[in-house]
Amino acid sequence: MYSQGLIGADSSTTESEEFLAAFQARIDREEKIEPNDPMPEGYRRTLVRQIGQHAHSEIVGMLPEGNWITRAPTLRRKAALLAKVQDEGGHGLYLYSAAETLGVSRDQMTEELLAGKAKYSSIFNYPTLTWADIGTIGWLVDGAAIMNQIPLCRCSFGPYARAMIRVCKEESFHQRQGYEIVMTLAKGTPEQKRMAQDSLDRWWWPSLMMFGPSDSDSVHSEQSMTWKIKRFSNDDLRQKFIDATVPQAEYLGLKVPDPDLRFNEETGHYEHGEIDWDEFWRVVKGGGKMNRDRIADRKKAWDDGAWVREAALAHAEKRRARQEATLEAAE
Ligand code: BYC
């Protein structure tokens, strides 16, 4: 019997109900799915989409911060920022490698990004105007990334889950270095405190948008949660982030720019004001302040790096030929 529309069925494939049920049973037993295991085409595509977007986010995410490496206020700050940006390049590589195990090449994924067909996180389409933004990105953006990524360490797809474990350890360092920058500014001169507040004012709402549309508008959540790719809904993770971050802002003496923010004693959670979803979709669809620059910068980096990729391939080919010749001579 063949099914369309059953969990995991994909419109372009005909997967038997038996196959889909057996796959779901593996997921429900918390078994890890590995690249060579049979899997529904919809599961594979969902992962390629999400891991690809995640990889692009890490790589594009290097740009707003890279912009400040030469302007970091001290050598210590410069060294930490350099290390952080380098970590993000590494995260992108683990993620591209995880996606490659599903049969898509890094070149294909990059082509889609540069052609504007693949998404990356909306947050990186906002400009970094002051040094305080580097602190706020670490504090809020990496803080949101950790909240989203800790559950991904338990994702049903083995290579993604394993990559996330190391990524989360590094993100935790990133979040702390960001918070420490903001703390220094918030406890500094009145002008430094103003910079910190201005930065929080600009990054708060875009950080909440990182978690994706509200659950009622999230097209992929239900299926991704059934497959245990996602463990929590977008709204649940956003709420956890707000609950964790508001007290941090209070500790810094900064004000979260949401007049409707209230702590609800009964639920134990903060209630927040309306998110501007029009702005979110405008940015996701390419209308943010920095979308065009980000893609242009990635394209330039990709084109400028062509000779490195060619040289690496030529070197690998030379080594392979040399090893083959040595083996032949030994026979
Ligand atoms: N920006 O059905 P939904 C980082 C898209 S941090 C752009 O809820 P899903 C870093 C979504 O792709 C960021 N697009 O989707 C930190 C979908 O469009 P498509 C990276 C977004 O996948 C510091 C549509 O909206 N983290 O790396 O179930 C420094 C409907 O959404 C956004 C990850 O990528 C957004 N914010 O849930 C450097 C984590 N939100 O694909 C780097 C892994 C939604 O149908 N990803 N969309 O065209 C995830 O956890 C999930 O993919 C999301 C979205 C929660 C983001």
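Here, every reference points to the structure presented above.
All residue numbers here refer to positions counted from 1 along the written sequence of the relevant chain. With the structure being a predicted model, the display of local features is reserved for residues of pLDDT at least 70 and the display and counting of side-chain atom pairs for 80 or more, all residues being used for whole-chain, interface and lining totals. In computing side-chain properties, one takes all heavy atoms of the structure into account and sets aside hydrogens as well as water.

**Considerations on a negative patch on the surface**
Part 1 of the reasoning: Excluding any residue in a salt bridge, patches collect residues exceeding 30% relative accessible area, merging like charges within 9 Å and nonpolar Val, Leu, Ile, Met, Phe, Trp and Tyr side chains within 5 Å. Using the Shrake-Rupley algorithm and a 1.4 Å probe, accessible areas are obtained, with residue cover drawn only from the displayed protein chains. In what follows, salt bridge is the name for a side-chain nitrogen of Lys or Arg lying within 4 Å of a carboxyl oxygen of Asp or Glu. Under the convention used here, Asp and Glu are negative, Lys and Arg are positive, and both His and the chain ends fall outside the count. Just so you know, the charge point we use is NZ for Lys, CZ for Arg, CG for Asp and CD for Glu. A contiguous patch of negative charge, built from Glu100, Asp107, Glu111 and Glu112, is present on the exposed surface.
Part 2 of the reasoning: Along the polypeptide, Glu100 turns up in helix H4 (residues 75-100).
Part 3 of the reasoning: Buried residues are those whose accessible area, probed at 1.4 Å on protein chains only, stays under 20% of the maximum for their type, while exposed residues exceed 50% and partly exposed ones sit between those limits. A residue is classified by how much of its surface remains accessible, and Glu100, at 38% relative accessible area, is partly exposed. Secondary structure elements are defined from DSSP: runs of H or I of at least 4 residues count as helices, runs of E of at least 2 residues count as strands, and each element is numbered from the N terminus.

**With respect to the environment of Leu75**
Part 1 of the reasoning: As for its position among the elements, Leu75 is in helix H4.
Part 2 of the reasoning: Of the residues examined, Leu75 reaches a relative accessible area of 70% and is grouped as exposed.
Part 3 of the reasoning: Counting along the chain gives 121 residues from Leu75 to Ala196, while the straight-line C-alpha distance between them is 21 Å.

**Structural notes on the side chain of Gln149**
Part 1 of the reasoning: Mapped onto the elements, Gln149 comes out in helix H6 (residues 131-149).
Part 2 of the reasoning: Its relative accessible area of 4% is what places Gln149 among the buried residues.
Part 3 of the reasoning: The contact definition used throughout considers only heavy atoms, calling two residues in contact when any of these lie within 4.5 Å. In this structure Gln149 touches His54, Glu58, Met164, Val167, Cys168 and Glu171, once residues within four positions along its chain are discounted.

**So, the site of the ligand**
Part 1 of the reasoning: Around the ligand sit 32 residues, and of these Gln53, Lys119, Ser218, His220 and Lys230 come closest.
Part 2 of the reasoning: A distance of 2.5 Å separates an oxygen atom of the ligand from a polar side-chain atom of Lys119.
Part 3 of the reasoning: The term polar contact refers here to a pair of N or O atoms within 3.5 Å; inside protein, the definition further demands a hydrogen-donor-capable atom paired with an acceptor-capable atom, and it admits residues adjacent in sequence only when both atoms are side-chain atoms. Taking Asn234, its side chain carries an N or O atom lying 2.8 Å from an oxygen atom of the ligand.
Part 4 of the reasoning: Considering the ligand on its own, with 1,000 Å² of exposed area, one finds that the protein chains cover 91% of that surface.
Part 5 of the reasoning: For the shell around the ligand, the secondary-structure elements that each account for two or more residues are helix H2 (41-60), H6 and helix H11 (277-287). Residues are labelled near a given molecule or strand when at least one of their non-hydrogen atoms is within 4 Å of it.

**Examining the packing of helix H5 (residues 106-114) against helix H12 (residues 291-304)**
Part 1 of the reasoning: Fitted lines through C-alpha atoms give the axes, limited to the stretch in contact for helices. The angle between two N-to-C directions lies from 0 to 180 degrees. Two elements in contact, H5 and H12, have axes separated by 10 Å at closest approach and are oriented at 145°. H5 and H12 meet at a crossing whose hand is left-handed. Judged by residue contacts, Arg106, Asp107, Thr110, Leu113 and Leu114 of H5 engage Ile295, Arg298, Lys299 and Trp302 from H12.
Part 2 of the reasoning: Here the residues of the contact of H5 with H12 are counted per class, giving four nonpolar, one polar and four charged. Helix crossings fall into two classes, left-handed where the near helix is turned counterclockwise from the far one by less than a right angle and right-handed where it is turned clockwise. Gly is put with the polar residues, along with every residue not named as nonpolar or charged; the nonpolar set is Ala, Val, Leu, Ile, Met, Phe, Trp, Tyr, Cys and Pro, and the charged set is Asp, Glu, Lys and Arg.

**Some remarks on helix H1 (residues 17-28)**
Part 1 of the reasoning: A helix is expected to span 1.5 Å multiplied by its residue count minus one. The end-to-end C-alpha separation of H1 is 16 Å, in line with the 16 Å expected for 12 residues at 1.5 Å each.
Part 2 of the reasoning: Within H1, burial applies to Leu20, Phe23, Gln24, Arg26 and Ile27. Viewed end-on, H1 has its buried residues packed into an arc of 155°, placing them on one side of the element.
Part 3 of the reasoning: Downstream of H1 by a residue or two, Glu30 has a phi angle that is positive, lying close to 65°. Here the arc refers to the set of directions running from the helix axis out to each C-beta atom.

**What to know about the packing of H2 against H4**
Part 1 of the reasoning: At a closest axis distance of 8 Å, the pairing of H2 and H4 adopts a crossing angle of 160°. Accordingly, the angle class assigned to the pair H2 and H4 is roughly antiparallel. H2 and H4 meet at a crossing whose hand is left-handed. Residue-level inspection shows Ile51, His54, Ala55, His56, Glu58 and Ile59 of H2 in contact with H4, the latter providing Glu88, Gly89, His91, Gly92, Leu95, Tyr96, Ala98 and Ala99.
Part 2 of the reasoning: A per-class count over the contact of H2 with H4 returns seven nonpolar, five polar and two charged. Should an angle fall under 35 degrees it is called roughly parallel, over 145 degrees roughly antiparallel, and 65 to 115 degrees roughly perpendicular, with every other angle called oblique.

Everything listed is a geometric property; what it means functionally is a separate question.
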